[in-house]
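# Secondary and tertiary structure notes
The residues making up each chain are set out below.
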Amino acid sequence: MSRRPLIAGNWKMNNTISEAVVLAQEISNEMEPDWLDHVDVAVCPPFTDLKPVWTVFDFDHLKVAVGAQNVYWEPSGAYTGEVSIPMLREIGCRYCIVGHSERRELFGETNEDVNRKVAALVAERVNPIRPIVCVGESLAVRDEGTYLEYVAAQVKAAFAGLDANDAADAVVAYEPIWAIGTGRTAAPEQAQEVCAAIRAQLAELFGEECAQGMRVLYGGSMNEGNASLLLAQPDIDGGLIGGASLKAKSFAAIVKEAL
Ligand code: PEP
């Protein structure tokens, strides 16, 4: 089955509104509109930038989606500092990163939190916000040699209690922690090995047909120099891009590699 690639930029905690509008406009200028007939593209800026960035792409009639970097699972209430799914939907968000390793490591996000967020996101079928569920092992786990089991367990936990209908539109991103922001990319064969294991775990949970339709991304120091070999792997359906998504030319060059 051929899956439509997805290239998503994770801007992390970078760019004020004025900076975000400039970057979004630069990305719009670099992108050929017909590329978007073949590849899905999203940028995930901080919450404060979501609407301004959405407006830039909308004004240019460019089908670049916006996504959030986090969400809370309750729809409203006394949860100071949190942002809900209805809030993101009204802005026009189409994706939401869930369980990024920085949230797990720096903010104590657990597998159970990730599962609640994924379940809340996929519960809404009208104008869905697709979760981009991040999984990936630390260097210690890789060196121990248990990384396939570790990542499979993260996938299982993230999708606990969900069925194939719930999971079908979700995206999984394999992001080895040792490759994030370090300039040290996983070799294409290393990334392929884990992405294939993720798909096998998805097949065990949801059946082969569902797993073959779901997108599995690679993330971790992907750039215009290494994207082509990574994206050529059979189980890698796109990229979650951090640092290189903050440079319009680099981000557009990676999108071009996914065509
Ligand atoms: C990320 O944080 O999701 C990421 C992939 O970062 P980088 O590309 O900078 O390694």
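One structure accompanies this document, and this report is about it. (Residues numbered from 1 in each chain as written. Predicted model: local features only at pLDDT ≥ 70, side-chain atom pairs only at ≥ 80, totals over all residues. Heavy atoms only, no water.)

To continue, consider the packing of aromatic side chains. The geometry of an aromatic ring pair comes down to the distance between the two centres and the angle between the two planes. Evaluation of the coordinates by the stated rule reveals four aromatic pairs. Grouped by ring-pair contacts, the aromatic residues Tyr-72, Trp-73 and Tyr-79 constitute a single cluster. The ring centre of Trp-73 lies 5.0 Å from the NZ or CZ of Arg-116, which sits over that ring. One residue, Arg-142, lies across the ring of Tyr-147, its end atom 3.7 Å from the ring centre. (Phe/Tyr/Trp six-rings, centres within 6.5 Å; stacked < 30°, edge-to-face > 60°. Lys NZ or Arg CZ within 6 Å of the ring centre and 35° of its normal.)

The next thing to look at is the sheet that holds strand E4 (residues 93-98). Backbone hydrogen bonds are what pair the strands of a sheet, in a parallel or an antiparallel way. The eight strands lie next to each other as E1-E2-E3-E4-E5-E6-E7-E8, forming a closed barrel whose pairing is parallel. Pairs of neighbouring strands in the sheet enclose a mean axial angle of 25 degrees, with direction left out of account. Both strand E5 (residues 130-135) and strand E6 (residues 171-174) contribute to a ladder of four bridges, which runs parallel. The residue of E6 that forms the bridge with Val-133 is Val-172. Relative to strand E3 (residues 64-68), helix H2 (residues 50-59) is tilted by about 175 degrees, and along the sheet it contacts strand E2 (40-44), E3 and E4. (Pairing = 2+ DSSP bridges. Helix = DSSP H or I, 4+ residues; strand = E, 2+ residues; numbered from the N terminus. Axes fitted to C-alpha atoms, helices over the stretch in contact; angles between N-to-C directions. Contact = heavy atoms within 4.5 Å.)

On to unusual backbone geometry. Non-glycine residue His-61 carries a positive phi angle of around 50 degrees. Mapped onto the elements, His-61 comes out in the loop between H2 and E3. Residue classification places His-61 among the exposed positions, given a relative accessible area of 73%. The phi dihedral of Ser-221 falls on the positive side, at around 55 degrees, and the residue is not glycine. As for its placement among the helices and strands, Ser-221 is situated in the loop between strand E7 (215-219) and helix H11 (227-231). (Buried < 20%, exposed > 50% of the residue type's maximum accessible area, 1.4 Å probe, protein only.)

Let's shift gears to the environment of Ile-17. Relative to the assigned elements, Ile-17 resides in helix H1 (residues 17-30). Judged by its relative accessible area of 44%, Ile-17 falls in the partly exposed class. Other than its neighbours up to four places away in sequence, Ile-17 contacts Thr-48, Asp-49 and Pro-52.

Attention now goes to the side chain of Asp-166. Position of Asp-166 relative to the elements: it lies in helix H8 (residues 164-167). Given the relative accessible area of 16%, Asp-166 is considered buried. A distance of 2.5 Å separates the side chain of Asp-166 from the side chain of Arg-125, its partner in a polar contact. Ignoring sequence-local partners within four residues, the contact set of Asp-166 consists of Val-122 and Arg-125. (Polar contact = N/O pair within 3.5 Å; in protein donor to acceptor, adjacent residues only side chain to side chain.)

Met-31, Phe-159, Ile-198 and Leu-202 are the most contacted members of the largest nonpolar core, which totals 74 residues. Sequence-distant contacts of Ile-198, that is, excluding residues within four places in its chain, are made with Val-135, Val-151, Val-155, Val-172, Tyr-174 and Val-216. Residues Ala-8, Cys-44, Ala-65 and Ile-132 belong to the second largest nonpolar core, which totals 13 residues. (Core = buried A, V, L, I, M, F, W, Y, C linked by side-chain atoms within 4.5 Å.)

To continue, consider the site of the ligand. Taken together, 14 residues are adjacent to the ligand, and Lys-12, His-100, Glu-175, Gly-181 and Ser-221 come closest. A distance of 2.8 Å separates an oxygen atom of the ligand from a polar side-chain atom of His-100. Between the ligand and the protein, one listed contact pairs an oxygen atom with a backbone N or O atom of Gly-181 at 2.7 Å. Contact with the protein chains removes 96% of the 290 Å² of surface that the ligand exposes when unbound. Here the residues of the shell around the ligand sort into four nonpolar, eight polar and two charged. (Near = heavy atom within 4 Å. Areas by Shrake-Rupley, 256 points an atom, 1.4 Å probe, with all protein chains shown as cover. Nonpolar A, V, L, I, M, F, W, Y, C, P; charged D, E, K, R; others polar.)

Moving on to the pairing of E3. Of all five residues making up E3, five are buried, and the element is well covered by its neighbours. Alternating residues of E3 divide into Val-64, Val-66 and Ala-68 and Ala-65 and Gly-67, and every residue in both groups is buried. Judged from the three bridges that link them, E2 and E3 form a sheet pairing that is parallel. Residue pairing for E3: Ala-42 is matched across the bridge by Ala-65. The pairing of E3 with E4 spans three bridges and is classified as parallel. Bridging from a neighbouring strand, Ala-68 pairs with Cys-96 of E4. Assessed by its sense of winding, the connection that carries the chain from E3 through helix H3 (residues 85-91) to E4 is right-handed. (Right-handed = clockwise from strand over helix to strand, strands pointing away.)

The values are spatial; any link to function lies outside them.
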